[in-house]
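# Close look at the chain arrangement
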Amino acid sequence: MAAGWRRPTARRVRAIRDRLRLVYGRPLAEPHGHPIAELILTVLSQSTNDRNRDVAYLALRERFAADTWVRVRDAPVDEIEEAIRPGGISRIKSARIKAILRAISESGAGGGDLSLDWLAGQPVAEAQRYLTSLPGVGRKTAACVLLFALGMRDVPVDTHVARVGMRLGLFRPGAGFEELHDTMLEITPRGEELEFHLNLLRHGRRTCYARQPNCPGCALQRMCPKIGVR
Ligand code: SF4
């Protein structure tokens, strides 16, 4: 454990949650129920912005309209690449998408169908283990699928959440990606996974910028140790 760092108390986490809630509100969204779609969307989001990700996703859905995921799995990789080109690094992403869909089919899980709906009935740790066994799928992607698609208790830690959480002292300085996810899961109030994730993310995008955080204009300034801010 880093010298001087202590895991935040539940009271401190609630205080941060409340302050973020005052600024950004309380986001509510029902899980959409499409885990494969979320998985592919998360792959498409790598190294690009939300707009380009969505353009690439819609192009993929349009090109392989009916039975989309079966058709994408069986399509030549260059056809997938062409469809998702607006999302950037399309060669890598197309190969990854195809590899993931094939791995799901070949794993035989869910009765051999190309489906991840069965994850909804699994313990979270089991579902995480399965998802992270798929090619190129890490904890963040797995957490997106479990939380956004299925409403399960997991919390994605992306670059914004990691940075803001680190500066606020929620995470151990120097913690790796696995540890960040484990800690986030331990400290997030039950039932507030979506809210805590989204509001930390919003704070990272709107105030706690990577290079020059707007500390003078930050609603959390008085409770922030500003770890790592020079
Ligand atoms: S006070 Fe500064 S470092 Fe702390 S959360 Fe606010 S913007 Fe980020």
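This structure is a prediction, so every number in the text was calculated from the model and none was measured.

## Side note on the overall build of the protein
For the protein, the helix and strand inventory stands at 11 helices and 0 strands. Its helices and strands taken in sequence order, the protein reads α-α-α-α-α-α-α-α-α-α-α from the N to the C terminus. Since a compact globule built from 230 residues should have a radius of gyration of about 17 Å, the 19 Å found for the protein is in line with a globular shape. Looking at the protein alone, contacts between residues at least 24 apart form 67% of all its contacts between residues at least 6 apart.

## Some thoughts on the domain arrangement of the protein
It is common to report an interface's size as the accessible area lost on association of the parts. The domains assigned to the protein are domain 1 (10-28 + 155-223) and domain 2 (35-149). Distance between the C-alpha centres of domain 1 and domain 2: 27 Å. Tallying the contact residues gives 9 residues for domain 1 and 6 residues for domain 2. Those elements giving two or more residues to the side of domain 1 that touches domain 2 turn out to be α10 (177-187) and α11 (193-206). Tallying contributions element by element places α10 first for the side of domain 1 that touches domain 2, with 3 residues. Here the residues of the side of domain 1 that touches domain 2 are counted per class, giving 5 nonpolar, 1 polar and 3 charged.

## Quick word on the site of the ligand
The local shell around the ligand holds 14 residues, among which C208, P213, C215, C218 and C224 are the closest. Its residues placed into classes, the shell around the ligand shows 9 nonpolar, 3 polar and 2 charged.

## A few points about unusual backbone geometry
Within the chain, I89 stands out as a residue other than glycine whose phi angle is a positive 30°. As for its placement among the helices and strands, I89 is situated in the loop between α5 (77-83) and α6 (90-107).

## Details of the nonpolar core
Counting residues in hydrophobic clusters, the biggest one holds 51 residues, and the most contacted among them are L44, I97, I100, V145, L146 and L147. Sort the elements by how many residues they give to this core and helix α8 (residues 139-149) lands first, with 8 residues.

## Observations regarding the packing of helix α2 (residues 35-44) against α8
Contact geometry for α2 and α8: axes closest at 9 Å, N-to-C directions at 140°. For the element pair α2 / α8, the angle class is oblique. Relative to α8, α2 is oriented so that their crossing is right-handed. Along its contact with α2, which presents P35, E38, L39 and T42, the element α8 presents T141, C144, V145, F148 and A149. Split into classes, the residues belonging to the contact of α2 with α8 amount to 6 nonpolar, 2 polar and 1 charged.

Analysis parameters
- Residues numbered from 1 in each chain as written.
- Predicted model: local features only at pLDDT ≥ 70, side-chain atom pairs only at ≥ 80, totals over all residues.
- Helix = DSSP H or I, 4+ residues; strand = E, 2+ residues; numbered from the N terminus.
- Rg over C-alpha atoms; globule rule 2.2 N^0.38 Å.
- Contact = placed C-beta atoms within 7 Å.
- Domains from an automatic or database assignment.
- Nonpolar A, V, L, I, M, F, W, Y, C, P; charged D, E, K, R; others polar.
- Near = placed C-beta within 6 Å.
- Core = buried A, V, L, I, M, F, W, Y, C linked by C-beta atoms within 7 Å.
- Buried ≥ 20, exposed ≤ 12 C-beta atoms within 10 Å, placed from the backbone.
- Axes fitted to C-alpha atoms, helices over the stretch in contact; angles between N-to-C directions.
- Parallel < 35°, antiparallel > 145°, perpendicular 65-115°, else oblique.
- Left-handed = near helix turned anticlockwise from the far one by under 90°.

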